[in-house]
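# Remarks on the overall topology
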Amino acid sequence: MKLKIQTILATLWLSGVSVTADANDVTYYPSSAGAPFSKAVRVENTLYLSGIIGAGKKGLSDDFDTQITQLMENLKSTLASFNLTTADVFKCTVMIDEMSKWPAFNSIYVSYFEPERLPARSAFGADGLAMGAVAELECMAYVGEGAE
């Protein structure tokens, strides 16, 4: 376990993220249904959310806008499970299957954030996202002192 945490911390450091934590400062939140990853990992006051796609109760819609709206609702729901909101998100990475849909993605994405609090963001085109999703979003959020 200690080796895994050291590996995670080394990866974060190489990514330019400053982290000084030991095993007691890291909390793993398992995904549902035995997924091979945690839905989130908290290191000190930062919550790292795994990639979120736009799957709803009936799976993925064939409609791009519906999928992106569901993706953002899934983000809100995940954040709410940690008593957070999109205002706590400070960095996102977007993976999008079809870059020509970038303007449509952005028009939905920005509506979920306060205009003066848009997170820093990276994006790249990706082919073959999980479950055939049109986009995937991973985020980092600030968790205040003493938050659970």
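If you're wondering where the values come from, they're calculated on a predicted model, not measured in any experiment. (Residues numbered from 1 in each chain as written. Predicted model: local features only at pLDDT ≥ 70, side-chain atom pairs only at ≥ 80, totals over all residues. Heavy atoms only, no water.)

## Focus: the side chain of threonine 46
What counts here: The helix and strand labels rest on DSSP assignments: H or I over at least four residues marks a helix, E over at least two residues marks a strand, and numbering proceeds from the N terminus. For the exposure calls, accessible area comes from a 1.4 Å probe over protein chains only, and a residue counts as buried if that area is under 20% of its type's maximum, exposed if over 50%, partly exposed in between.
Relative to the assigned elements, threonine 46 resides in strand 3 (residues 46-52). For threonine 46, a relative accessible area of 18% puts it in the buried group.

## Remarks on the confidence of the model for the protein
Put simply, the test is: Values of pLDDT, which run from 0 to 100, indicate the predictor's confidence residue by residue. Should any heavy atoms of two residues lie within 4.5 Å, those residues are counted as being in contact.
Averaged over the protein, the pLDDT score is 87; the fraction of residues at 70 or greater is 81%. Note that residues 1-14 has pLDDT below 50 and, in this model, 11 contacts with residues that lie over four places away or in other chains.

## What about the layout of surface pockets?
Formally: Using only the protein atoms, space was sampled on a 1 Å grid; points where a 1.4 Å probe fits but cannot get out form cavities, open sets with protein on both sides within 12 Å along at least five of seven lines form pockets, and lining residues are those with an atom within 4 Å of a point. Grid points are joined across faces, edges and corners, and a volume is the space filled by probe spheres set on the points. Each residue receives one of three labels: charged for Asp, Glu, Lys and Arg, nonpolar for Ala, Val, Leu, Ile, Met, Phe, Trp, Tyr, Cys and Pro, and polar for the others, Gly being one of them.
If you add up the space inside the largest pocket, you get close to 900 Å³. Those elements giving two or more residues to the lining of the largest pocket turn out to be strand 2 (38-43), strand 3, helix 2 (64-80), strand 6 (89-96) and strand 8 (135-142). Take the lining of the largest pocket: its biggest share by element is five residues, from strand 3. Residues that form the lining of the largest pocket fall into these classes: 13 nonpolar, 10 polar and four charged.

## Thoughts on the sheet that holds strand 3
The criterion, for reference: A pair of strands counts as paired when DSSP detects no fewer than two bridges linking them. Lines fitted to the C-alpha atoms define the axes, with helices restricted to the stretch that makes contact. Angles between their N-to-C directions range from 0 to 180 degrees.
Strand order across the open sheet formed by six strands is 1-2-3-8-6-7, with mixed pairing between neighbours. Every other strand in the sheet has two partners, leaving strand 1 (26-30) and strand 7 (120-125) as the edge strands with one partner each. Within the sheet, the average angular offset between the axes of one strand and its neighbour, ignoring direction, is 10°. For strand 3 and strand 8, the ladder comprises five bridges, and the chain directions are antiparallel. Looking at the pairing, isoleucine 52 lines up with leucine 137 of strand 8. Each of strand 3, strand 6 and strand 8 is contacted by helix 2, which is oriented at about 25° to strand 8, the strand it contacts most.

## Remarks on unusual backbone geometry
Backbone geometry places glutamate 44, a non-glycine residue, at a positive phi of 50°. Among the secondary structure elements, glutamate 44 is positioned in the loop between strand 2 and strand 3. Residue class for glutamate 44 comes out partly exposed when judged on its relative accessible area of 35%. Even without glycine at this site, methionine 131 takes up a positive phi of about 60°. Here methionine 131 falls in the exposed class, since its relative accessible area comes to 62%.

## Some words on the side chain of glutamate 136
To be explicit about the condition: The charged-residue count follows a simple rule in which Lys and Arg add positive charge and Asp and Glu add negative charge, with His and chain termini not counted at all. One side-chain nitrogen of Lys or Arg within 4 Å of one carboxyl oxygen of Asp or Glu is enough to make a salt bridge.
Summarising the element assignment, glutamate 136 is placed in strand 8. Of the buried charged residues, glutamate 136 lacks a salt bridge, with lysine 91 as the closest side chain of opposite charge at 13 Å. What glutamate 136 contacts, discounting residues up to four positions off in sequence, is Gly51, Ile52, Ile53, Leu71, Thr93, Val94, Met95, Leu129 and Ala130.

## Some points on the packing of aromatic side chains
Keep this limit in mind: Between rings of Phe, Tyr and Trp, where Trp is taken as its six-membered ring, a pair exists when centres lie within 6.5 Å; planes separated by under 30 degrees are stacked, by over 60 edge-to-face, and by other angles tilted. We count a charge as sitting over a ring when the NZ of a lysine or the CZ of an arginine lies within 6 Å of the ring centre and within 35 degrees of the ring normal.
Inspection of the entire model under this criterion finds four aromatic pairs. With 4.8 Å between their ring centres and 50° between their planes, tyrosine 109 and phenylalanine 113 make a pair best called tilted. According to the relative accessible area criterion, tyrosine 109 is buried, its value standing at 3%. The class of phenylalanine 113 is buried, set by a relative accessible area of 6%. By the ring-pair criterion, three or more aromatic residues cluster together here, those being Trp102, Phe105, Tyr109 and Phe113. Positioned over the ring face of tyrosine 109 is arginine 121, at 4.5 Å from the centre of the ring.

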